[in-house]
Amino acid sequence: MSTEPPSPSNARGRSDPIGPRGKVHLVGAGPGDPGLMTVRAVELIAAADVVLFDKLIPESALAGARADAELIDVGKIGGGKQVPQESTTALLVEKAQAGLQVVRLKGGDPFVFGRGGEEALACVAAGVRFEVVPGVTSGIAAPAYAGIPVTQRGIASAVAFVTGHEDPEKPETLVDWPALAAFPGTLCFYMGIRTLDRIAAQLVQGGRPADEPVAVVMRGTYGDQRSVRGTLANIAAVTREAGIRAPAIAVVGGVAALHDELGWLGAARPLGGRSVAVTRARAQASGIAATLRTLGATVVEAPAIRIEPLAADLPELAGYDLVVFTSVNAVQQLFARLRDARALAGATVAAIGPGTAAELRRHGIAADVVPERSISEAVLEELTARGPWRRVLVPRAEEGREVLPEGLREQGAEVDVLPLYRTLAESLSSDQRAAALGADYALFTSASSARYLYEAAGTLAGPRVVSIGPATSDAVRALGREVDVEAAEHTPDGVVAALVADVAAR
Ligand code: SAH
């Protein structure tokens, strides 16, 4: 017999790739590094009608949510109070009963100290369907990113996950401290930073050696992960002195000493501990932001630019002997209006730079002309050498430089500029503004990204400025800010490389 409840009568009833409507998904978001989110988690976030999320989820975890999805912060602290568990549970059930796809997004794994079990029980009680998506739990991931295997042949053949939340000296504690002290393996404590001195004391009292290795990993797998090493005797003091705070995992056992040999993170993360403000339109920023995060940077995504497509009638493309693309957006916007790449079959195609050429390739077009320097003057030079041109189409933003169309016209070409989109400044919240201006670096990948951040934030003062190339640098200077670093290669990879080199040199 099936245990599935019948579909709620108010469900919208359409078939959906993520299952019937009116369902709760208890989803683990992993420990912090966005790369450690599961494919399923990403898929469900993208499809959700509602996402209820905690404080401790990877930055940008919600970036893939639908624009019309309802995002509810149920873990607010600092600004607001934490939403009580009962309200969260009630809200989950209510939203699912309204026929919505609900994602309950939690840090790490939803069933490891995540109260996911309670929420699942509430679903059962209310007759609401649910699904559980495990996540990479911080008790394994934080040690791993600190070079600590929680089990190791010859050192630990068992591992226990323990809450340190309870005061070990309270008589009513549910943790059996003597049994835990006798446990033959690694102990991973969650929520144990404030009680670390008492935890250590209890373990020593229970018979663990005072010089047993301990490591504490704060914000494990995040760009700003920190860790300290000590022993049961001194770890509380070491942690305090280093300013280690929650969230952190304390690993007790012989394996903790492997950190000294296996710590690998520093080498893999040349941007570790640095914050970088990226100001591009959402969809495009995510590529560069992901690269920066992989390198250890904390990325402040100031969504300063929005692309707004314009209503435009496409001319008959067959009549042009040259089509020039001066941005990735222009490629995307033109192809959004074309049936397929054959529309450009007869024309020579030029791209301003490698990023634009790559976008063309994604649409099945190999650009015929890509100048070495990604600026209009260089495109014009290359095209002049290969001319003359008869009819030229330049699909682009509403606002753009006239160097290229005018230069080609001077050579006798008939040039049609086709505005396909406009870029708009999005205003920043005061938090976003503070975060962007407080970042170590601001990285500009276009003149407009600099202009829009300036408009949104009122200044570019604060972060060191890294620019993708000469045109962007000129725009930054026009806003009264010097450029600290200009990329030698005018591509997203080039600008990231320039940033890494600057960090290394300083
Ligand atoms: N469900 C989560 C745990 C939630 S309890 C999981 O599976 O990871 C909250 C505790 O988890 C924090 O007090 C801290 O001990 C730990 N924690 C969560 N994220 C962490 C991280 N990135 N680094 C270190 N500890 C983390």
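Here goes a summary of the coordinates provided.

Reading the values: the criteria
- Residues numbered from 1 in each chain as written.
- Predicted model: local features only at pLDDT ≥ 70, side-chain atom pairs only at ≥ 80, totals over all residues.
- Heavy atoms only, no water.
- Helix = DSSP H or I, 4+ residues; strand = E, 2+ residues; numbered from the N terminus.
- Buried < 20%, exposed > 50% of the residue type's maximum accessible area, 1.4 Å probe, protein only.
- Core = buried A, V, L, I, M, F, W, Y, C linked by side-chain atoms within 4.5 Å.
- Contact = heavy atoms within 4.5 Å.
- Expected span 1.5 Å × (residues − 1).
- Phe/Tyr/Trp six-rings, centres within 6.5 Å; stacked < 30°, edge-to-face > 60°.

**Digging into the environment of Ala-497**
Stage number 1. Locating Ala-497 in the fold gives a position in helix H18 (residues 492–505).
Stage number 2. Classification of Ala-497 as partly exposed rests on a relative accessible area of 45%.
Stage number 3. Counting along the chain gives 15 residues from Ala-497 to Glu-482, while the straight-line C-alpha distance between them is 20 Å.

**Topic: the nonpolar core**
Stage number 1. Core analysis: the biggest nonpolar cluster contains 23 residues, and Trp-177, Leu-180, Leu-187, Phe-189, Leu-203, Val-216 and Val-252 have the highest contact counts within it.
Stage number 2. Mapped onto this core, the elements with two or more residues apiece are strand S6 (159–163), helix H5 (177–182), strand S7 (186–190), helix H6 (196–205), strand S8 (213–218) and strand S10 (248–252).
Stage number 3. The element best represented in this core is H6, accounting for 4 residues.
Stage number 4. Setting aside residues no more than four positions away along its own chain, Val-252 makes contact with Gly-185, Thr-186, Leu-187, Phe-189, Leu-203, Arg-208, Glu-212, Pro-213, Val-214 and Leu-232.
Stage number 5. One finds Val-331, Phe-335, Leu-344 and Leu-420 within the second-largest nonpolar core, a separate group that totals 21 residues.

**Observations regarding H18**
Stage number 1. Given a rise of 1.5 Å per residue, 14 residues ought to cover 20 Å, and the 20 Å separating the end C-alpha atoms of H18 matches this to within 8%.
Stage number 2. Along H18, the positions that sit buried rather than exposed are Gly-494, Val-495, Val-496, Ala-498, Leu-499, Asp-502 and Val-503.

**Thoughts on the packing of aromatic side chains**
Stage number 1. One pass over the full model with this rule turns up 4 aromatic pairs.
Stage number 2. Judged by centre distance (5.1 Å) and plane angle (65°), the ring pair of Tyr-145 and Trp-264 falls under edge-to-face. Of the two residues, Tyr-145 sits in helix H4 (residues 138–145) while Trp-264 sits in the loop between helix H8 (259–262) and helix H9 (265–268), which places them 119 residues apart along the sequence.
Stage number 3. Where Phe-161 meets Tyr-190, the ring centres are 6.0 Å apart and the plane angle is 85°; that geometry is what we call edge-to-face. With Phe-161 in strand S6 and Tyr-190 in strand S7, the pair connects residues that are 29 residues apart, well separated along the chain.
Stage number 4. For Phe-161, a relative accessible area of 34% translates into the label partly exposed.
Stage number 5. By relative accessible area, which is 7% here, Tyr-190 ends up buried.
Stage number 6. Each member of the aromatic cluster is reached from another via a ring pair, and the members are Phe-113, Phe-161 and Tyr-190.

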